[in-house]
Amino acid sequence: MSDTLVVNEIYLSLQGESTFAGLPCVFIRLTACDLRCSYCDTAYAFTEGKKKSLAEILTEVKRLAAPFSNPQLPLVELTGGEPLLQKKSLPLMKSLCDDGFTVLIETSGAHDISKIDPRVRRIMDLKCPASGEVARNRFENIAHLKATDEIKFVIGTVEDYEWAKQQIAAHKLDAICPLLFSWVHPLAPEQQSKALKKVPAKLTPISRRDLAEKIIADALPVRFQIQQHKIIWPPEQRGV
Ligand code: SF4
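Rules behind the numbers
- Position numbers for residues start from 1 in each chain and track the written sequence from start to end.
- Only residues with pLDDT of 70 or above have their local features reported here, since the model is predicted, and side-chain atom pairs are shown and tallied only from 80 upward, although totals for entire chains, interfaces and linings are computed over all residues.
- Put simply, DSSP H or I for four residues or longer makes a helix, DSSP E for two residues or longer makes a strand, and each gets a number counted from the N terminus.
- We take the radius of gyration over the C-alpha atoms and set the globule estimate at 2.2 Å times the residue count to the 0.38 power.
- C-beta atoms are first placed from the backbone for all residues, and any pair lying within 7 Å is then listed as a contact.
- Using a C-beta atom placed from the backbone for every residue, we mark a residue as near a molecule or strand if that atom lies within 6 Å of it.
- Only Asp, Glu, Lys and Arg are considered charged, only Ala, Val, Leu, Ile, Met, Phe, Trp, Tyr, Cys and Pro nonpolar, and every remaining residue, Gly among them, polar.
- Should DSSP find at least two bridges between two strands, the strands are regarded as paired.
- Axes here mean lines fitted to C-alpha atoms, for a helix over just the part in contact, with angles spanning 0 to 180 degrees between N-to-C directions.

### Topic: the overall build of the chain
If you tally the helices and strands in the chain, you get five helices and nine strands. Listing every helix and strand of the chain by position from the N terminus yields β-β-β-α-β-α-β-β-β-α-β-α-β-α. Computed over its C-alpha atoms, the radius of gyration of the chain comes to 17 Å, within 12% of the 18 Å expected for a compact globule of 240 residues. For the C-alpha atoms alone, the extent of the chain along its principal axes is close to 50 × 40 × 35 Å. Within the chain, counting contacts between residues at least 6 apart in sequence, those at least 24 apart form 74% of the total.

### Focus on the site of the ligand
Taken together, C33, L35, R36, C37, C40, T42, G80, G81, E82 and S108 make up all the residues around the ligand. For the shell around the ligand, a count of residues per class yields four nonpolar, four polar and two charged.

### Observations concerning the sheet that holds strand 6 (residues 121–125)
Sheet strands pair via backbone hydrogen bonds, and the direction of the pair is either parallel or antiparallel. Sheet architecture is open: nine strands sit in the order 3-1-2-4-5-6-7-8-9, paired in mixed fashion. At either end of the open sheet lies a strand with only one pairing partner, and these are strand 3 (50–53) and strand 9 (223–225). On average, adjacent strands in this sheet sit at an angle of 30° to one another, irrespective of strand direction. Judged from the seven bridges that link them, strand 1 (residues 4–14) and strand 2 (residues 24–30) form a sheet pairing that is antiparallel. Looking across to strand 2, one finds that E9 is bridged to R29. The strands touched by helix 1 (residues 54–65) within the sheet are strand 1, strand 2, strand 3 and strand 4 (75–79), with strand 1 carrying the most contacts at an inclination of about 5°. Of the strands in this sheet, strand 1, strand 2, strand 4 and strand 5 (103–107) touch helix 2 (residues 89–98), which is tilted by about 155° from strand 5.

Structure, rendered in structure tokens:
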């Protein structure tokens, strides 16, 4: 079997989300995703990419990491697309951990996370209704999560908020790991790739302020987050 992955981009930036937000991070964006979330801002990664060997990827990560003297930095994150669609993402994560990196993976939650090296911090989405992909949640994954992982809800509507709140209560998610409520503004029609799902009808958009105030009013055990990289750089900019 070939030792290659299809890679969309590898770049050094700041981690924009999660409990690691703000820290330097090398992102390895892998090509392809089998979901089509309505708010997806990386549709270019569905098909664009080049084959790279594991050795080439590791060399590039180490080149980008070389200026850092602190062994804990930069973080290295596999993202996409959906990294778990490519089987070689598993040995890549293992090699990165063996090399001493703090490794994160961002995954849609639609695929089995149990085979990922246990040293990796798994940031797993639970897809809310406005994504158009709520039926793809693989709830069996919850049993595999541990305290070093994180669950992310991307919330753009009042119905997303209510749905997320129900999932936290039903699965006692706050006893497992940190929970992230990530506010998203629905994409304008001209920004939305035609490949994406439409936001289901009759959902009510929620402002970031309303989301923040609901979290406080309901005393939810979650971390509110805004994608920092979209505030620092233009939202459509790649490689940040
Ligand atoms: S899981 Fe959804 S948001 Fe993530 S890359 Fe796939 S379509 Fe985009």
